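Below are the chains, spelled out letter by letter.
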Amino acid sequence: MSHGGRATLFDASRCIACRSCQVACKQWNGLGAESPTPENRGGYEHPHDLSATQWLLIHFREGERADGSLFWHFCRSSCRHCVDAPCRQKARDKRAVVVDEETGAVLFTEHSRDEDFAAILRACPYHIPRRGPGGALFKCTMCVDRLHRGEQPACDKACPTGANVHGPRDEILALARERLSALRLRYPNAAALDLHETRLILLLADRESRYKTGVER
Amino acid sequence: MTNHWIDLKNADVVLIMGANPAENHPVSFRWVSEARARGANVIHVDPRFTRTSAQADLFAPLRCGSDIAFLGGMLHYILEGEHIHQDYVLHYTNASHLVADGFAFDPAEGLFSGYDPETNRYDSDAWAMALDEDGVIRKDPTLQHPRCVYQEVRRHFARYDITTVAGATGTPPEILQAVYEAFVQGSVGPGRAGTILYAMGWTQHTVGAQNIRAMSMIQMLLGNMGLAGGGINALRGESNVQGSTDHGLLFHVLPGYLKTPQVDQQTIADYNERWTPTTVEPRSANWWRNTPKYMTSYLKSMFGDAATPENDFAYDWLPKLDSEESYAWQTIFDEMYEGRLQGLFAWGQNPANSSAHASRVRDALGRLDWLVTVNPFSTETAEFWRGPGVDPSAVATEVFALPAAVAFEKEGSVTNSGRWAQWRYEAVPPPGDACADLDIMNALFESVRALYVAEGGAAAEPILHLKWDYFDGRAPAAERIAKEINGYFTGDVRVAGVDYREGDLVPDFTALQDDGTTSSGNWLYCGSFPAPDPITGNRMRRRTREASGIGLNSEWAWAWPLNRRILYNRAGVDLRGQPFDPARPVIQWDGTAWVGDTPDGGQPPLVDRDGHPNDAACLPFIMHPDGVAGLFGKDYLRDGPLPEHYEPVESPLADNPMGHRQRANPVAHVSPAESGNPVAAPGDPAFPVICTTYRVGEHWQSGAMTRPKAWLNELHPDLFVELDPMLAAHHDIVSGDRVRVQSARGALKAIAIVTRRLKPLTVMGATVHQVGLPIHYGWLAPGAPAVRLAAVNLLTPNVGDPNTRIPEFKAFLVAIAKVEEDGS
């Protein structure tokens, strides 16, 4: 079942962690820097978490396999726009979390300020929503404003390697399956995560445990 | 690049060495990804596992500064395993040419013949070729003669066996073997091509030019030059650094790589005699024979009507170099430090951060009378007088900071690494007082000329007679200058059966003349703007994508020379003109003409349809007097006709792993120690750790343009040092700690990133550790604690390559220690 609407494929095998998507997201959505005096915390992953003004984050995880080879995997954390969104089910006021009919984007509104944030965060399988200073909840909007004008999302437009690909959900699912079967020739552990449940599909080239997906399961 | 960015998709194997394109040239990875999707193998060789390695099929770690040993091992593998492309090597390289008896390499001393220990220089005449009585190079097409280049090269690299190479590089032998096999397998055989991507990781060494030469030899032996998906591809460090090099940025060349005149060339006849190569080799096009046409046309573009046959086309008015003297970046600051330079324009530059041994550079800036900086943002150079540890009242230098427009606020051309000149328009006007560089230059020049008119002065003629009519407002100055670069007919001329009138634009450089009837500011760009219409005449504006084909995109913008997209493309075909790779032909002889890319010369193939030699043909490497690619040669580099492994000036080894007495490059440039240039002794126990420097994708150059941008700065907010877990444990350091890094020049503090992506290596039986720091930081980042935002070049040595004078930023020695809570 495709459920129509739109979807994004994040193909980790093509991601070089340039983080153009992370910056483009802030630029299009008018979100400021997290701190006037940012600090290095001993790694590459900055800023260190999603926030009401940080809707997309590229995670880094490195390690050494049993054969001594190294890996350094990059993964995208942002709202997956669930087909049947638990955050929406959890909301007491149905106006707080709405779904854009045309695209399927899951959107938080100003009514989310009266919601039980902890309950909504617990409901999210991917630990995405964040509360802003005024109480309202924030996360990725799938750039619905751009989509309604016939433009692609900012993250997709900024990606230099085709790691972020956005389009009609049918086409994206087909692309995900096509890329997955090609990837498996080189990477037997490749997998597409939550193909049927979400509108942000993660295509991984290695075991899921070697990625920091933002969700430990 | 011999090829271009999009062409990377055609490679069957991609060797990335001395570069980190996923981080520093991210858009290139679109094409690397396409090659991978087609099944290409990607190999990354680097001291550190980077975001590029993360995308590679094979990663090989190596010790900083051991690239020639690594590549020498590959040459050994190719030659001993006879993996060469036989036809290519025989016909398109000088493998069969015989070397004269004067040449030798002494494996015990580690020196080539011709070395003078008094001057630390080589006399390259000791590396000459053997000539017959007619002056033609003697050849042995069987490649068996002991003095033929092929055998000389084989003998030279016989010493680079896997065990020796592994001892020098620290790369495990099985990984060396895997890299050599993968690159050769991907390159050799019909329909295969291997490409190489390199950047500053190769050039910033005291053997930088020889690093590139070693790889070029591999590409020639494997027949990878001139093919789609092949070539030697330098990933240039700025969007328009190719353009600025083409247009004479460097001291030793004028625009179009014409040599800068020297004092012993007092007339244009002297100049032409010295720099116009001759050849008696049959079928060699020897393209530089046209040097007088390009030089005269250049002088006509500089001085217009004032350049006449009677005054040697005003050749006198060009400045002359003192022979053999360097005017390179290092020399400028050496001279400044010694008080022999009074003023400096730092135009789009931030030397207080970006120069080796930056504290000495900052001292040198304080010895100037005046300093002008031109930049969109303030820089550590503009504010050196109030930098860390500087007392402003003690600095007498007068500093002028001029605000410049950024790229999107001005019109003009940008030439990318693939030699594509692309025209850009002004998207928004510059803010405030900021001006386009051209407008700043014009204001400056008008003022200087007015002073000369009013007051006279030494050598006034070149100022008073400079052709400078680009700013009269009749057309945008950038367009007028682009036409000047293309060139005009300055008289009525008939060329190749076509009549041209004075004022017509020159169609391409084959029409340029040496009698003063043509002008061209840069012969290589002649043809970029061949017609007066500002839209259709400007071929750099073209934006037609290729519908099908191998990605040449010949109607998109314009590439020098003559819109040729893949250089040396006549070496990508067999003797009959048929492509070595029929599935991805660059050019092809159809019986009467070449089809495809602009060929490297339109002459017919070397043999005709019946296999008979074709007298009208010419050899493929048209810029070389011999017509073929040089595996060995006396005229290329100052430090030898072949690459040899030498240690970095600062290295932990007291001996050369090749077993000879010469430890470091004998002709490397080392600034005198008594002029404030300390260098650690080989194996100095005070500095036991190898250090290298690099970039991250989130910042640009010295950080002057990216640190003020909060979105970028928060991605990589602080100077960091990466180190391996074993070294970190030894010093009780964990990620996030502050670490003191000290070299013989200075010390700084950085945030530790402890990572397995750096591994201790076993070099000559001992364990060596390598650390690395990025180059982008300085004290001017907004709001950040100054103590941590040091420039990494406080550490780097003021030593350099003897050919290019590029400093050895990539391999030097440091000591590290944890900074305790109290800051000690």
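None of the values given here were measured: they were computed from a predicted structure.

Each value, and the rule that gives it
- Residues numbered from 1 in each chain as written.
- Chains lettered and ligands numbered in written order.
- Predicted model: local features only at pLDDT ≥ 70, side-chain atom pairs only at ≥ 80, totals over all residues.
- Heavy atoms only, no water.
- Helix = DSSP H or I, 4+ residues; strand = E, 2+ residues; numbered from the N terminus.
- Rg over C-alpha atoms; globule rule 2.2 N^0.38 Å.
- Buried < 20%, exposed > 50% of the residue type's maximum accessible area, 1.4 Å probe, protein only.
- Contact = heavy atoms within 4.5 Å.
- Areas by Shrake-Rupley, 256 points an atom, 1.4 Å probe, with all protein chains shown as cover.
- Lys, Arg positive; Asp, Glu negative; His and termini not counted.
- Charge placed at Lys NZ, Arg CZ, Asp CG, Glu CD.
- Phe/Tyr/Trp six-rings, centres within 6.5 Å; stacked < 30°, edge-to-face > 60°.
- Lys NZ or Arg CZ within 6 Å of the ring centre and 35° of its normal.
- Patch = residues over 30% accessible without salt bridge, like charges linked within 9 Å, V, L, I, M, F, W, Y side chains within 5 Å.
- Salt bridge = Lys/Arg side-chain N within 4 Å of Asp/Glu carboxyl O.
- Polar contact = N/O pair within 3.5 Å; in protein donor to acceptor, adjacent residues only side chain to side chain.
- Pairing = 2+ DSSP bridges.
- Core = buried A, V, L, I, M, F, W, Y, C linked by side-chain atoms within 4.5 Å.
- Axes fitted to C-alpha atoms, helices over the stretch in contact; angles between N-to-C directions.
- Parallel < 35°, antiparallel > 145°, perpendicular 65-115°, else oblique.
- Left-handed = near helix turned anticlockwise from the far one by under 90°.
- Nonpolar A, V, L, I, M, F, W, Y, C, P; charged D, E, K, R; others polar.

### Some thoughts on the overall build of chain B
Secondary structure summary: chain B contains 20 helices and 29 strands in total. Taking 824 residues into account, the globule formula puts the C-alpha radius of gyration at 28 Å, and chain B, at 27 Å, falls close to it. In terms of overall dimensions, chain B has C-alpha extents of about 80 × 70 × 55 Å along its principal axes. Buried positions account for 58% of the 824 residues belonging to chain B. For chain B, contacts bridging at least 24 residues in sequence account for 70% of all contacts bridging at least 6. Only carbon and sulfur atoms are counted for the fraction: they give 53% of the accessible area of chain B, which is about 31,500 Å². Within chain B, one finds 68 positive and 99 negative side-chain charges whose respective centroids are separated by 5 Å.

### Description of helix α18 (residues 477-486) of chain B
All names here are of chain B. Counting buried positions over the 10 residues of α18 gives nine, a clear majority of the element. Inspection of α18 places A477, A478, E479, R480, I481, A482, K483, E484 and N486 among the buried residues, and these make up the whole buried set. Among the structural elements, α12 (291-303), β13 (412-415), β14 (420-424) and α16 (437-455) are those in contact with the buried residues of α18. G487, located one to two residues past α18, shows a positive phi value of around 110°.

### Considering the packing of aromatic side chains
Residue and element names in this part refer to chain B. Going through the model one piece at a time under the given rule, you end up with 40 aromatic pairs over all chains. Members of the aromatic cluster, connected to one another through ring pairs, are F103, F105, F112, Y115, Y122, W127 and F632. One residue, R48, lies across the ring of Y694, its end atom 3.4 Å from the ring centre. Seen from the ring of W275, R274 lies directly overhead, with NZ or CZ sitting 3.9 Å from the centre.

### Considerations on a nonpolar patch on the surface
Residues and elements named next belong to chain B. A surface patch of nonpolar side chains, amounting to about 460 Å² of accessible area, comprises F345, W370, F400, L402, L444 and V448. Counting residues per element, the ones that place at least two in the nonpolar patch are β12 (398-403) and α16. Examined against the element boundaries, F345 turns out to sit in strand β10 (residues 343-347). Taking the relative accessible area as the measure of exposure, F345 reaches 34% and is therefore partly exposed.

### What to know about the side chain of S671(B)
Residues and elements named next belong to chain B. Secondary-structure assignment places S671 in the loop between β20 (669-670) and β21 (689-694). According to the relative accessible area criterion, S671 is buried, its value standing at 2%. Within the structure, S671 has its side chain in polar contact with the side chain of D334 (distance 3.0 Å). Of the polar contacts made by the side chain of S671, one reaches the side chain of N798; its length is 3.0 Å.

### Some thoughts on the environment of S675(B)
Residue and element names in this part refer to chain B. Position of S675 among the secondary structure elements: in the loop between β20 and β21. Exposure remark for S675: the relative accessible area of 7% places this residue in the buried category. Placed 376 residues apart in sequence, S675 and L299 show a C-alpha to C-alpha distance of 39 Å. Ignoring any residue separated from it by four or fewer positions in sequence, one finds S675 in contact with Y337, E338 and R360. Of note is the side chain of S675, whose polar atom sits 2.4 Å from the side chain of E338.

### A short note on a negative patch on the surface
Together, D305(B), D492(B), E502(B) and D504(B) line one region of the surface with negative charge. A residue is classified by how much of its surface remains accessible, and D492(B), at 63% relative accessible area, is exposed.

### Topic: helix α13 (residues 329-337) of chain B
Residue pairs three or four apart in sequence face the same way in an α-helix, which turns once every 3.6 residues. Residue and element names in this part refer to chain B. Among the residues of α13, Q330, T331, F333, D334, M336 and Y337 are the ones counted as buried. Check the buried side of α13 and you find it contacts β10, α14 (351-354), α15 (358-365), β20 and β28 (799-800). Just downstream of α13, G339 is the residue with a positive phi angle, here 80°.

### A closer look at the interface of chain B and chain A
Taken together, the contacts link 44 residues of chain B with 41 residues of chain A. On the surface where chain B and chain A come into contact, there are six salt bridges. Linking E64(A) and R756(B) is a salt bridge whose minimum nitrogen-to-oxygen distance equals 3.3 Å. Secondary structure elements with two or more residues in the side of chain B that touches chain A: α1 (21-24), α2 (28-37), α19 (710-713), β22 (720-723) and β24 (747-754) of chain B. For the side of chain B that touches chain A, the leading source of residues is α2(B), giving five residues.

### Remarks on the pairing of strand β2 (residues 41-46) of chain B
Residues and elements named next belong to chain B. When you tally the buried positions in β2, you get five out of six residues, the bulk of the element. Here strand β1 (residues 13-17) pairs with β2 via five bridges, running parallel. Residue pairing for β2: V13 is matched across the bridge by N41. Summarising the sheet, β2 and strand β3 (residues 58-61) pair through four bridges and their orientation is parallel. By the bridge assignment for β3, V45 is matched with A60.

### A few points about the nonpolar core
Generally speaking, a soluble globular protein has its nonpolar side chains buried in company with each other. Residues and elements named next belong to chain B. Core analysis: the largest hydrophobic core is formed by 78 residues, its most contacted members being L15, M17, F70, I78, F183, M215 and I218. Looking at this core element by element, the count peaks at eight residues for helix α3 (residues 67-80). Among all residues touching M17, those that are not within four sequence positions of it are V45, L62, D67, F70, L71, I196, L197, Y198, A199 and W202.

### Details of the sheet that holds strand β9 (residues 191-193) of chain A
Residues and elements named next belong to chain A. Read from one edge to the other, the open sheet built from four strands follows the order β8-β1-β10-β9, with strand pairing classed as mixed. The open sheet has two free edges, formed respectively by β8 (164-168) and β9, since each of these has just one partner strand. Strand-to-strand, the axes of this sheet are offset by a mean angle of 20°, without reference to chain direction. Examined bridge by bridge, strand β1 (residues 6-11) and β8 share five bridges and lie antiparallel to one another.

### Remarks on the pairing of strand β23 (residues 738-742) of chain B
Alternating positions in β23(B) separate cleanly, V739(B) and V741(B) being buried on one face and R738(B), R740(B) and Q742(B) remaining unburied on the opposite face. From the end of β23(B) to the start of β24(B), which pair antiparallel, there are four residues.

### Re the sheet that holds β2(B)
Residues and elements named next belong to chain B. Taken together, five strands build an open sheet; the order of strands is β3-β2-β1-β8-β9 and the sheet is parallel. In the strand order of this sheet, the two ends are held by β3 and β9 (232-234), each with one partner. Averaged over neighbouring strand pairs, the angle between their axes works out to 20° when direction is ignored. In the packing of helix α9 (residues 208-221) onto the sheet, the strands contacted are β1, β8 (194-198) and β9, and the crossing angle to β8 comes to about 170°.

### Overview of the packing of α3(B) against helix α6 (residues 162-169) of chain B
Residues and elements named next belong to chain B. For the pair α3 and α6, interaxial distance at closest approach is 9 Å and the crossing angle is 165°. By the criterion of interaxial angle, the relationship of α3 to α6 is roughly antiparallel. Helix-helix and strand crossings are classified by hand; for α3 and α6 the assignment is left-handed. Across the interface between the two elements, A69, F70 and G73 from α3 touch V165, A168 and T169 from α6. Tallied by class, residues from the contact of α3 with α6 come to four nonpolar, two polar and no charged.

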